[in-house]
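Coordinate analysis (summary)
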Amino acid sequence: MSVIIDGKELAKKIRGNLKIECKELKSKGIKSKLAVIMVGKDPASKVYVRNKSRACEDVGIEYEEHLLDDKTTQKQLIDLIKQLNEDKTVNGILLQSPIPSNLDISEAFRTIIPEKDVDGFNPVNVGKLVLNQDTFVSCTPYGIMKMFEEYNIDLTGKNVVILGRSNIVGKPLIHCCLNRNATVTTCHSKTQNIEQITSKADVLISAIGKAHFVTEDIVKEGAVIIDVGINRLDNGEITGDVDFENVKEKASYITPVPGGVGPMTIAMLMNNVIKATKRQNGMID
Ligand code: NAP
């Protein structure tokens, strides 16, 4: 019988603590503000952005939205980011992905100054993560590390297998796990005999976006299973990458979808905005 990791409850606890921190900052006359840029009308992004604005409201962080239409040019996007970099009232900047394919997202992420890069996508912050230095860790991997801490799951010496190598989830996860002394293997769409690799994983993290890809026959008895995937089925239901009902019989710990990694991602974004605010006000290094 596995322990279901309750990301929703843990995220609520983290947000509760941040709320207190935010109040303390306000009592010192310090406000915290997140600026979110969204380009185009991706329906999933609209939902994510709405959830982020609600979380800001809950914690007490000011929220500023910049909705750009899909005809936006690269120059307009970069100019907006530069303007927000300069704006002293903005502590964190987030560019919601995806953006239209004619725009260069790498240049956009590079333009957000590292001090306001609360998503941890600027190459300077990515580099610091690789070097195991204090930085803004991208929110989904950071949320997963918090779950491990909360549930006393020690990665030292563990065989961690990550499915997916995207810049926003898979790659930063590699370094988060390596920094916690795990032995890390990454699989992607060109990996052969994936099931032979997953079946040796003490900890399996799936971030590929394929509904029910991880079935019970490809996981090890007693493995920790973390499901990052968000997939919409034809009936409109949201599901993860893991066949939860069957895999949970074999796992020691498992995250559900929804209610697992998703809420933690937003909680860690709030955490990063507060951290950025404190740093910019000389309260922490
Ligand atoms: P992405 O950029 O599309 O990357 C998907 C990765 O999965 C790629 O590295 C791809 O390999 C790999 N992949 C695809 N099919 C595979 C297969 N059959 N076997 C092995 N690897 C395969 O996606 P992402 O942005 O990382 O997101 C992944 C999933 O997590 C999505 O469902 C997304 O919605 C979800 N997500 C959730 C949260 C959250 O807070 N819960 C946050 C971010 C993303 P190649 O590199 O070879 O193409």
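Our structure's up above, just so we're on the same page.
Since the model is a prediction, treat every value here as computed from it, not as a measurement. (Residues numbered from 1 in each chain as written. Predicted model: local features only at pLDDT ≥ 70, side-chain atom pairs only at ≥ 80, totals over all residues. Heavy atoms only, no water.)

1. Remarks on the overall build of the protein chain
Cut-off, in case you're wondering: Numbering goes from the N terminus for both helices and strands, where a helix is a DSSP run of H or I of at least four residues and a strand is a run of E of at least two. Atoms counted for the radius of gyration: C-alpha only. Globule rule: 2.2 Å times residue count to the power 0.38. Here's how the labels work: a residue is buried when its accessible area is under 20% of the maximum for its type, exposed when over 50%, partly exposed in between, all with a 1.4 Å probe on protein chains only. Residues are treated as being in contact if the distance between any of their heavy atoms lies within 4.5 Å. The method behind every accessible area is Shrake-Rupley, applied with a 1.4 Å probe, and residues are considered shielded solely by the protein chains displayed. Note on charges: Lys and Arg go in the positive column, Asp and Glu in the negative column, and His and the chain ends are not counted at all. For this purpose, a charge sits on NZ of Lys, CZ of Arg, CG of Asp or CD of Glu.
When you go through the protein chain residue by residue, the secondary structure sums to 10 helices and 11 strands. In summary, the protein chain has a C-alpha radius of gyration of 19 Å against a globular reference of 19 Å for 285 residues, a match within 12%. Along the first, second and third principal axes, the C-alpha set of the protein chain runs to 55 × 40 × 40 Å. Burial statistics for the protein chain: of 285 residues in total, 48% are counted as buried. For the protein chain, contacts bridging at least 24 residues in sequence account for 71% of all contacts bridging at least 6. Per element, the accessible surface of the protein chain, about 13800 Å² overall, is 50% carbon and sulfur. Mean positive and mean negative side-chain charge positions of the protein chain (37 and 37 charges, respectively) differ by 4 Å.

2. Some points on the site of the ligand
This is how the line gets drawn: If even one non-hydrogen atom of a residue comes within 4 Å of a molecule or strand, that residue is called near it. Definition of a polar contact: a pair of N or O atoms within 3.5 Å, with one able to donate and the other able to accept a hydrogen when the atoms are protein atoms, and with sequence-neighbouring residues admitted only if both atoms are side-chain atoms.
Looking at the ligand, there are 21 residues lining it, with Arg165, Ser166, Ser189, Ile230 and Thr265 nearest. In the model, an oxygen atom of the ligand is placed 2.7 Å from a nitrogen or oxygen of the Arg165 side chain. Relative to its free-state accessible area of 920 Å², the ligand is covered by the protein chains to the extent of 71%. Top element by residues in the shell around the ligand is helix H10 (residues 261-280). It accounts for three residues.

3. As for the nonpolar core
The condition that has to hold: Only buried residues count toward a nonpolar core. Its members are Ala, Val, Leu, Ile, Met, Phe, Trp, Tyr and Cys residues joined through side-chain atoms within 4.5 Å.
Within the largest apolar cluster, 52 residues are counted, with the highest numbers of intra-cluster contacts made by Leu34, Ile61, Ile144, Phe148, Leu155, Ile205 and Met270. Top element by residues in this core is H10. It accounts for 10 residues. Discounting chain neighbours no more than four positions away, the residues touching Leu34 are Cys56, Ile61, Glu62, Tyr63, Glu64, Gly92, Ile93, Leu94, Val118, Leu269 and Val273. With 17 residues, the next largest nonpolar core counts Ile37, Leu77, Ile81 and Phe121 among its residues.

4. Description of a nonpolar patch on the surface
Rules: Residues with no salt bridge and a relative accessible area higher than 30% make up the patches, which join like charges within 9 Å and nonpolar side chains (Val, Leu, Ile, Met, Phe, Trp, Tyr) within 5 Å. By definition here, a salt bridge exists when the distance from a side-chain nitrogen of Lys or Arg to a carboxyl oxygen of Asp or Glu is within 4 Å.
Together, Val47, Tyr48 and Ile230 make up an exposed nonpolar region whose accessible area comes to about 230 Å². Topologically, Ile230 is positioned in the loop between strand S8 (224-227) and strand S9 (231-232).

5. Overview of the sheet that holds strand S5 (residues 159-163)
Rules: For two strands to count as paired, DSSP must find a minimum of two bridges between them.
The sheet built from six strands is open, its strands ordered S1-S11-S8-S7-S5-S6 with parallel pairing. On the outer flanks of this sheet lie strand S1 (3-4) and strand S6 (183-187), each paired with one strand and no other. Direction of pairing for S5 relative to S6: parallel, over a ladder of five bridges. Bridging from a neighbouring strand, Val160 pairs with Val184 of S6.

6. Structural notes on the packing of helix H1 (residues 7-27) against helix H6 (residues 139-150)
Let me state the cut-off plainly: With axes taken as lines fitted to C-alpha atoms, and helix axes fitted only over the stretch in contact, angles between N-to-C directions fall between 0 and 180 degrees. Roughly parallel refers to an angle under 35 degrees, roughly antiparallel to one over 145, roughly perpendicular to one between 65 and 115, and oblique to any angle outside these ranges.
Look at H1 against H6: their axes get within 11 Å of each other, and the N-to-C directions meet at 95°. Here H1 lies roughly perpendicular to H6, going by the angle between them. Taken together, the residues of H6 that come into contact with H1 (itself represented by Gly7, Leu10 and Lys13) are Lys146, Met147 and Glu150.

7. Quick word on the sheet that holds strand S3 (residues 62-68)
With respect to topology, three strands assemble into an open sheet ordered S3-S2-S4, the strand pairing being parallel. The open sheet is flanked by S3 and strand S4 (92-95), the only strands paired with a single partner. Each strand axis lies, on average, 15° off the axis of its neighbour in the sheet, ignoring direction. Docked against the sheet, helix H3 (residues 74-86) engages strand S2 (33-39), S3 and S4, running at close to 180° with respect to S2.

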